[in-house]
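# Fold and geometry: a report
Take a look at the letters that make up each chain.
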Amino acid sequence: MTVTTLMATSAGASAATRTTVTAEPVQATVTLDQRPVATMQFNRIHLKRTSTKAIANQVQTTVDASALNLDQQHRDQQLK
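So, here's what we can say about the structure. From a predicted model like this one, the values you see are computed outputs, not experimental measurements.

### Details of the overall build of the protein chain
The number of helices and strands found in the protein chain is 2 helices and 0 strands. Residue burial in the protein chain is summarised as follows: out of 80 residues, 0% are buried. Just so you have it, the protein chain exposes about 8,900 Å², and 57% of that area is on carbon and sulfur atoms.

The following block contains the structure:
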């Protein structure tokens, strides 16, 4: 028996021995709550025009403040 014949024989044998299962239909009911639907509110956001320089200055100020805070915490720990 060659490999091809063996594979074909085993495939046919497994196909012949498969059982078919039939499922009975299931009746499902869906009930919804009688709560009212929530209303949606839209808010308008007004953005001010700004320049990249102003944003860069704000970021630099925040970074400097953070670095100063970390430096102060480091000094406080050294003094303990």
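### What to know about a nonpolar patch on the surface
On the surface, Ile55, Val59 and Val63 cluster together to form a nonpolar patch covering roughly 250 Å² of accessible area. Assignment of secondary structure puts valine 59 in helix 2 (residues 52-79). With relative accessibility at 48%, the residue valine 59 sits in the partly exposed group.

### Notes on the pattern of salt bridges
Enumeration according to the criterion identifies 1 salt bridge in this entry. A salt bridge links arginine 75 to aspartate 71, with the nearest nitrogen and oxygen atoms 3.0 Å apart. Taken as a pair, arginine 75 and aspartate 71 lie in helix 2 at a separation of 4 residues, close to a single helical turn. For arginine 75, a relative accessible area of 47% corresponds to the partly exposed category.

Procedures and definitions
Residues numbered from 1 in each chain as written. Predicted model: local features only at pLDDT ≥ 70, side-chain atom pairs only at ≥ 80, totals over all residues. Heavy atoms only, no water. Helix = DSSP H or I, 4+ residues; strand = E, 2+ residues; numbered from the N terminus. Buried < 20%, exposed > 50% of the residue type's maximum accessible area, 1.4 Å probe, protein only. Areas by Shrake-Rupley, 256 points an atom, 1.4 Å probe, with all protein chains shown as cover. Patch = residues over 30% accessible without salt bridge, like charges linked within 9 Å, V, L, I, M, F, W, Y side chains within 5 Å. Salt bridge = Lys/Arg side-chain N within 4 Å of Asp/Glu carboxyl O.

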